[in-house]
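This is what each chain is made of:
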Amino acid sequence: MLAEALEDVGRVNMFFQVELHTGSESLGEGWEPVTVLDGADGKRVAEEVRRVRARLGALSGGGVQDVEWRVGASLFHQGLASRLLSPVLAVALCHGVRLRSTELLFDPGRSGPLTLRTAQKRAEPISAVPAEVAEWLDETVVESVLTGVETALAGVGRISPGLLRGNTAAALAGAARALGVARPEQHAEAEEVVRLMLERPSLSGTGHYTGTDRSGQAVFRRTTCCLYYRLPDGGLCGDCALRH
């Protein structure tokens, strides 16, 4: 059931894709649990931020030095939040399955966007009621992984905790929107999960829905900026607080 659920939600887009590790022994050369990123010394997140800065700098013909550290840190964090929240949200709402983020693995040696694999073997049930899904997202993604990553980033360089929390809210809203577009039957429940998460202490004050667009999808506006505009050729994201 877990394999079928992951295969199904992986069709939404790349942020929802998680590979299922089927081996009985080794997790695979190079693969590590995402929980290593919340190390107190910050060495692992620092290396991942460097990779992101190098990749972003190369897109404009430059290098690491052309992307500010805090910009790279913010975009690394938001990308991680999107990759963790998207599949956990989707398998819970679409299949009633708990996907544990603490059992997700990544391969730092791979180039390009973050690829995830899970060591989880069985599909654990969860009610698809938005309140329970919101509680699960808070527990397994925000509290178990992202809070530690935020602390590690703050230990490496100067970056606002509020900005990072805003990244998490924006990532969740983006995941809910993508899921609602791909699976219209989950549209209302996905947006309700976002609303409930924004009321929880971990994301309180990070953003809100301002109405709906022409397609009927809720429009999210965050209260902080991810700093994407500070990249060479960057601009303002659709949910940016700097938009008036």
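For every chain, the first residue of its written sequence is number 1, and the numbers climb from 1 along that sequence. Owing to the predicted nature of the model, reporting of local features is limited to residues with pLDDT of at least 70; listing and counting of side-chain atom pairs is limited to 80 or more, with chain, interface and lining totals taken over all residues. The side-chain figures draw on all heavy atoms in the structure; neither hydrogens nor water molecules are used.

Caption draft 1: Local environment of the sheet that holds strand β1 (residues 19-20). In spatial order, the strands read β1-β5-β4-β2; together these four strands make up an open sheet with mixed pairing. Both outer strands of the open sheet, β1 and β2 (32-33), are each paired with one neighbouring strand and no more. At least two bridges found by DSSP between two strands are what make those strands a pair. Counting from the N terminus, the helices are DSSP H or I runs at least four residues long and the strands are E runs at least two residues long. In terms of strand pairing, strand β4 (residues 104-106) meets strand β5 (residues 116-118) through three bridges, oriented antiparallel. Bridge pairing links F106 to L116 in β5.

Caption draft 2: Highlighting unusual backbone geometry. Of note in this structure, L227 is not a glycine but carries a positive phi near 80°. With respect to the helices and strands, L227 occurs in the segment after β8 (218-222). Even without being a glycine, D233 presents a positive backbone phi close to 70°. By the secondary structure assignment, D233 is in the segment after β8.

By themselves, these observations are geometric and do not establish any function.
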